[in-house]
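Listed here are the chains, written in short residue letters.
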Amino acid sequence: MSEFNGNVTPFKTSTDCMDMGLFKFENGDRYIGCFTANIKRELFREGFGKYFCNNGDSYCGLWRKDNLVAAKSITYKNRHTYSGELSRTGMQMEGIGTYKIPSIGDLHVVFEGNKPTGEINLVDVSGFCWKGKCNDDGVTLYPVNQFKIYREQAMNKDPEKIESD
């Protein structure tokens, strides 16, 4: 297990967890976390764990019968992350979630079939808030109270330094 130092989110054991372990798959994928075995000698990811794909993606959260049912985080090789609700099979973003894009910010939105729908809130990398609506053509965003955000930031600074910023 030492090869995972620093790459695994710490977790505590659960009464739902029969045991914990590290599994390496033929395709290079790895799983570390809780699992259960049945009388037929079948193993299932069950409880909290993290799955590392050989393509650089990782899935961390609550597993039920080999399906990720609650995502603490899904990290893609492009460094985008998702946390939130998933479909029953765990293969799609479904419901309320946050999608983080390092160069843009955090999108707070409801997903249906991996697509953002309805109202969307964005907190950009500068801390500014935006609201918008998702449609088939994309997303239209509008700034929310930009002056207020700037004003609150300015009020915490030395008044003589504001003009030089």
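Not measured: the values here are computed from a predicted model. (Residues numbered from 1 in each chain as written. Predicted model: local features only at pLDDT ≥ 70, side-chain atom pairs only at ≥ 80, totals over all residues. Heavy atoms only, no water.)

**Student:** I'd like a description of the pairing of strand S8 (residues 105-112), backed by residues and values.
**Tutor:** On a regular strand, each side chain points to the face opposite its neighbour's, so the side chains alternate between the two faces of the sheet. Pairing geometry for strand S7 (residues 93-101) and S8, over 7 bridges, is antiparallel. Note that in S8 the partner of Gly97 across the bridge is Val109. From the end of S7 to the start of S8, which pair antiparallel, there are 3 residues. The hairpin turn running from S8 into strand S9 (residues 115-124), its antiparallel successor, is 2 residues long, and Gly113 in that turn takes a positive phi close to 60°. (Pairing = 2+ DSSP bridges. Helix = DSSP H or I, 4+ residues; strand = E, 2+ residues; numbered from the N terminus.)

**Student:** Lay out the side chain of Asp29 with the relevant residues and their values.
**Tutor:** In this fold, Asp29 is placed in the loop between strand S1 (19-24) and strand S2 (30-37). Although buried, Asp29 forms no salt bridge, and the nearest oppositely charged side chain, Arg45, lies 7.1 Å from it. For Asp29, the side chain forms a polar contact with the side chain of Tyr51, separated by 2.7 Å. Setting aside its immediate chain neighbours within four residues, Asp29 contacts Phe23, Lys24, Tyr51, Phe52, Cys53 and Asn54. (Buried < 20%, exposed > 50% of the residue type's maximum accessible area, 1.4 Å probe, protein only. Lys, Arg positive; Asp, Glu negative; His and termini not counted. Salt bridge = Lys/Arg side-chain N within 4 Å of Asp/Glu carboxyl O. Polar contact = N/O pair within 3.5 Å; in protein donor to acceptor, adjacent residues only side chain to side chain. Contact = heavy atoms within 4.5 Å.)

**Student:** Now, about the environment of Gly56: what can you tell me, with residues and values included?
**Tutor:** In this structure, Gly56 sits in the loop between strand S3 (43-52) and strand S4 (58-64). As for Gly56 and Tyr76, which are separated by 20 residues in sequence, their C-alpha atoms are 6.6 Å apart.

**Student:** Let's hear about the layout of surface pockets: which residues, and what values?
**Tutor:** Rolled over the atoms, a probe as big as a water molecule pinpoints where empty space is left. When its volume is computed, the largest pocket comes out at roughly 250 Å³. Forming the walls of the largest pocket are 17 residues, and the residues nearest its centre are Tyr59, Leu68, Ile74, Gly90 and Met91. For the lining of the largest pocket, the secondary structure elements donating two or more residues are S3, S4 and strand S5 (67-75). (1 Å grid on protein atoms, 1.4 Å probe; cavity = no way out; pocket = protein on both sides within 12 Å on 5 of 7 lines; lining within 4 Å. Points joined across faces, edges and corners; volume = space filled by probe spheres on them.)

**Student:** Lay out the nonpolar core with the relevant residues and their values.
**Tutor:** Ranked by internal contacts, the top residues of the largest apolar core, which has 18 residues, are Leu68, Ile74, Tyr82, Leu86, Tyr99, Leu107 and Phe111. Where this core is concerned, the elements lending two or more residues are S5, strand S6 (81-86), S7, S8 and S9. When near neighbours in sequence (up to four residues on either side) are disregarded, Tyr99 contacts Tyr76, His80, Thr81, Tyr82, Met93, Gly105, Asp106, Leu107 and Phe111. (Core = buried A, V, L, I, M, F, W, Y, C linked by side-chain atoms within 4.5 Å.)

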